[in-house]
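One-letter residues, chain by chain:
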Amino acid sequence: MKKVLVTRKLLRSCEDKASKLFDANLNSNDELYSQNKLLKLSEGCDGILSSLTDKIDEETIKKLPDTIKIISNFAVGFGNIDVEAARKRNIAVTNTPDVLTDATAEIAMLLILGACRRANEGINWVKKENWKWSSDFLIGKQLTGSRLGILGMGRIGRAVAKLAKSFGMEIHYRNRSRLKPEIEEGAKFHESIKSLFSVSDVLSICCPATKETKDIINKDTLEYFPTGAIITNVARGDMIDDEAMVQALNSRKIYAIGLDVYKGEPRIHSEYLKQPTAFILPHLGSATKKTRTAMADLAIDNIDEYFSTGKCKNIIN
Ligand code: DGY
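Nothing here was measured: the structure is a model prediction, and the numbers come from that model.

Calculation criteria
Residues numbered from 1 in each chain as written. Predicted model: local features only at pLDDT ≥ 70, side-chain atom pairs only at ≥ 80, totals over all residues. Heavy atoms only, no water. Pairing = 2+ DSSP bridges. Helix = DSSP H or I, 4+ residues; strand = E, 2+ residues; numbered from the N terminus. Contact = heavy atoms within 4.5 Å. Axes fitted to C-alpha atoms, helices over the stretch in contact; angles between N-to-C directions. Buried < 20%, exposed > 50% of the residue type's maximum accessible area, 1.4 Å probe, protein only. Polar contact = N/O pair within 3.5 Å; in protein donor to acceptor, adjacent residues only side chain to side chain. Domains from an automatic or database assignment. Buried area = accessible area lost by both parts, 1.4 Å probe. Salt bridge = Lys/Arg side-chain N within 4 Å of Asp/Glu carboxyl O. Parallel < 35°, antiparallel > 145°, perpendicular 65-115°, else oblique. Nonpolar A, V, L, I, M, F, W, Y, C, P; charged D, E, K, R; others polar.

Trainee: Is there a simple way to explain the sheet that holds strand S11 (residues 254-259) in this structure?
Mentor: Backbone-to-backbone hydrogen bonds pair the strands of a sheet. The strands run either parallel or antiparallel. Spatial strand order, S8-S7-S6-S9-S10-S11-S12: 7 strands in an open sheet with parallel pairing. The open sheet terminates on both sides in strands that have one partner only, identified here as strand S8 (188-189) and strand S12 (278-280). Two elements, strand S9 (residues 202-205) and strand S10 (residues 229-233), share 4 bridges in a ladder whose sense is parallel. When the bridges of S10 are listed, Leu203 appears paired with Ile231. Here helix H7 (residues 155-166) sits on the sheet and contacts strand S6 (147-151), strand S7 (170-174) and S9; the angle it forms with S6, its principal contact strand, is near 170°. Against the sheet, helix H11 (residues 242-250) touches S10 and S11, its axis set at about 135° to S11.

Structure (structure tokens):
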């Protein structure tokens, strides 16, 4: 039986599955392993089932025991792993695409709705108990008829487009390459982020974190948006320069934000917590039982498939 280090606690049924297939070293206390501890626990293992909270950088990869042949990341994003360093050591890295698309798109819509309709302020008023209905109380922005810019039209971006269309939003997008018309479904492609941002009453960030997308929302690019735009992010915090965003919120260039992911999470830029119009969640994109089960099952299957066949459809390096 292959020995696999599972770095974070999984739902019970998934841990049972891992234990049936492998000699699994589980983390029942759900401790966040330091890089040193992860290296120590990897000794004698054939594979690692990692999560987005494990920073498996070049230095860590160089120190991994030779027995490690696969790192199966329990996420669709893999910015936490230096995939190139892993490739150099012949370690396969896999992810869990598709299974979390719908759950993440739902959270993207929640962020859009929460930010546009001032949900955070509403919740705060309800807690204070001294609110009263009036015709101009917490007037928000309506989705119907407004333009949604989607940055990154992969699986999640397309699922967001579909949901947003049913709210009557007009869909614009920027992607590395233009989609075929039958996949585009009427969404308007933009050749540049300047062009996309300038028509985005609301932006939904759905692209992967790469060197190219890091801080793509910054002091200069924030200027491209219409005044009073709303920015939401369901992908990774790396895409936003937080200082620039806070300034844009303070100056009211940006009306509201909806965030589920943060640079350096679980830390959150302290100014976001003070912004009444910030609708912020603790990385809940894939947090449903159905989706987390499917993700862990797929991460386990990726390892199983790799050891049984020497190949795996979800290898990313
Ligand atoms: C992912 O899989 O990358 C998600 O962010 C997890 O919630």
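Trainee: Is there a simple way to think about H11 in this case?
Mentor: An α-helical turn contains 3.6 residues, so any two residues separated by three or four positions project in the same direction. Listing the buried residues of H11 in full gives Asp242, Ala244, Met245, Val246, Ala248 and Leu249. The elements touched by buried residues of H11 are helix H10 (219-222), S10, S11 and helix H12 (270-274). Two to three positions downstream of the cap, the backbone nitrogen of Glu243 sits 3.1 Å from a side-chain oxygen, assigning the N-cap of H11 to Asp241. Arg252 lies just past H11 and shows a positive phi near 70°.

Trainee: Hey, could you run me through the domain arrangement of the protein in this one?
Mentor: Interface size, as often reported, equals the accessible area lost upon joining of the parts. Domain parsing of the protein yields domain 1 (3-99 + 288-309) and domain 2 (101-280). Computed over C-alpha atoms only, the centres of domain 1 and domain 2 are separated by 31 Å. Listed as interface residues are 9 residues of domain 1 and, on the opposing side, 6 residues of domain 2. The junction of domain 1 with domain 2 conceals about 550 Å² of combined surface from both sides, 51% of it contributed by carbon and sulfur atoms. There are 1 salt bridge connecting domain 1 and domain 2. In this structure, Arg155 engages Asp98 in a salt bridge whose closest nitrogen and oxygen atoms are separated by 2.7 Å. Linking domain 1 to domain 2 there are 2 residue pairs in polar contact (both at pLDDT 80 or more).

Trainee: Looking at this model, I keep getting lost on the packing of helix H1 (residues 12-21) against helix H13 (residues 289-309). Mind explaining?
Mentor: The angle between the axes and the distance between the axes are what describe a pair of packed helices. Where H1 contacts H13, the two axes come as close as 9 Å, and the packing angle between them is 10°. Between H1 and H13, the angle falls in the class roughly parallel. Where H1 abuts H13, its residues Ser13, Cys14, Lys17, Ala18 and Leu21 lie against Thr293, Ala296, Asp297, Ile300, Asp301 and Asp304. When grouped by side-chain class, the residues that make up the contact of H1 with H13 number 5 nonpolar, 2 polar and 4 charged.

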